[in-house]
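In case you want the letters, here they are:
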Amino acid sequence: MSNLKIAIVGAGFAARVVHLPGYEGVGQPVAAICDLNQDVAQQVADRFSIPTVYGDWQEMIEKEQPDVVSVCLPNALHHEITLGALDAGAHVLCEKPLATTVAEAREMFDKARETGKIVMAAQLYRFDPGPRALKRIVDSGVLGDVYHGEANAMRRLGIPTWGKFTQKSASVGGALFDIGVHMLDQTLWLMGSPRATHVSAVMSKHFGTRPDIAAMRGNAWDPAAFDVDDFGMAFVRLEGGADIILRSSWAAHIDTDDFSVRVLGKEGGITTNPPALFHFRNGVPADEQYLNLGTRDRHAAQIFSFLRAVRGAGDLPVKEEETMNVQRILNAAYRSAEEGREVAVEH
Ligand SMILES: NC(=O)c1ccc[n+]([C@@H]2O[C@H](COP(=O)([O-])OP(=O)(O)OC[C@H]3O[C@@H](n4cnc5c(N)ncnc54)[C@H](O)[C@@H]3O)[C@@H](O)[C@H]2O)c1
């Protein structure tokens, strides 16, 4: 990879574990990183050989004039800083969920159009070898009419122990925004991105408010101040008559974590974990498991595809309308849970 200038805003988990290993994996140097906590930024800069560290994102963007900005900040800041980076002439790879409201997401894409730049939501889970292979299987039409999707993002005991995930003021949503979004995006993408029309959802806090559970996680958050969902379930109606069941949890009494997607059609069904196709061959139930898909690194794959689109050498892998569909469903789910009834998604 060559002479694009990359800058990162936020030096936390997403920068360290997702974006920087991705840039490193494709051999793309990063010019600068910024964090309110400059000591943390400096440590990350040392680890990833980043020459310049800032404590203020505006100063960084002004001085560095980057071609690309990775936004790795708590959800409530995605909108403001993405707009600032686009205004300064940068393309933006922004962490998920792209925004906290449909209006924010709309504004981010409008700004990208106005400035002639790209904004992409970092939907990392699309870049694993399994889902990519399954996408080709589904697109071949072998499932026939697709009528149902199932998105599971279930952790047994995985309330985040860092950052501001458990605070509504910084993250706006809890488990649904944190992990449900990944599996929802993957399910819709595998189903061919049908638009959502209605959502009926419930959201609850079964574990995060409990002192005994906080103690099991090293008292990493204050249970009395825990004010986001740690469980959510949504039923999504899609144009054309298909539907999705989505479940997200940061804690649940289950045997093991379950990050999986199912897509069912009249002629076949797929599941991602492990990647497999189920159908009838000559009147016989046939199971095809895909065991030789390689070990492609999703972090590098995400950055590779994004930068290829930035250079104009390939399609954007996560498209505006797909991300808007996801955002509409997320926000409709919270609205439905609040109102206690099915709601139409906001278009
Ligand atoms: N794709 C994934 O697998 C994945 C994993 C974790 C987090 N995320 C997403 O990444 C985002 C960040 O999560 P995280 O886990 O990195 O959180 P984090 O708390 O570890 O890191 C966020 C960093 O942003 C810094 N920050 C806050 N406000 C700032 C500002 N105004 N200017 C500069 N720096 C500022 C904080 O000091 C902190 O270091 C969230 O949207 C989250 O959903 C994605």
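In this report, the structure presented in the accompanying data block is examined. (Residues numbered from 1 in each chain as written. Predicted model: local features only at pLDDT ≥ 70, side-chain atom pairs only at ≥ 80, totals over all residues.)

Moving on, we get to the sheet that holds strand 8 (residues 196-204). The strand order 14-13-12-11-7-10-9-8-15 describes an open sheet built from 9 strands, whose pairing is mixed. Edge strands, defined here as strands with exactly one partner in the open sheet, are strand 14 (284-289) and strand 15 (343-344). Direction of pairing for strand 13 (residues 275-281) relative to strand 14: antiparallel, over a ladder of 6 bridges. Across the sheet, the residue bridging to Arg281 is Val284, located in strand 14. (Pairing = 2+ DSSP bridges. Helix = DSSP H or I, 4+ residues; strand = E, 2+ residues; numbered from the N terminus.)

In this section: the packing of helix 8 (residues 175-190) against helix 11 (residues 320-339). Here helix 8 crosses helix 11 at 130°, and the two axes come no closer than 10 Å. For the element pair helix 8 / helix 11, the angle class is oblique. Helix-helix and strand crossings are classified by hand; for helix 8 and helix 11 the assignment is right-handed. Contacts from Leu176, Phe177, Val181, Leu184, Asp185, Leu188 and Trp189 in helix 8 reach Glu322, Asn325, Val326, Ile329, Leu330 and Ala333 in helix 11. The residue makeup of the contact of helix 8 with helix 11, split by class, is 10 nonpolar, 1 polar and 2 charged. (Axes fitted to C-alpha atoms, helices over the stretch in contact; angles between N-to-C directions. Parallel < 35°, antiparallel > 145°, perpendicular 65-115°, else oblique. Left-handed = near helix turned anticlockwise from the far one by under 90°. Contact = placed C-beta atoms within 7 Å. Nonpolar A, V, L, I, M, F, W, Y, C, P; charged D, E, K, R; others polar.)

Near the ligand you find 26 residues, and of these Gly10, Gly12, Phe13, Ala14 and Gly163 are the closest. The biggest single contributor to the shell around the ligand is helix 1 (residues 13-25), with 3 residues. Residue composition of the shell around the ligand, grouped by class: 16 nonpolar, 5 polar and 5 charged. Shared between two domains, the shell around the ligand holds at least three residues of each, these being domain 1 (6-122) and domain 2 (126-298 + 326-344). (Near = placed C-beta within 6 Å. Domains from an automatic or database assignment.)

Attention shifts here to the sheet that holds strand 6 (residues 119-121). Strand order in this open sheet of 6 strands is 3-2-1-4-5-6, and the pairing throughout is parallel. In this open sheet, the two strands that pair with only one neighbour each are strand 3 (52-54) and strand 6. The mean inter-strand angle of the sheet, taken between neighbouring strand axes irrespective of direction, is 15°. Sheet topology places strand 1 (residues 6-9) next to strand 4 (residues 68-71); 4 bridges connect them, and they run parallel. Bridging across to strand 4, Val9 finds its partner in Val71.

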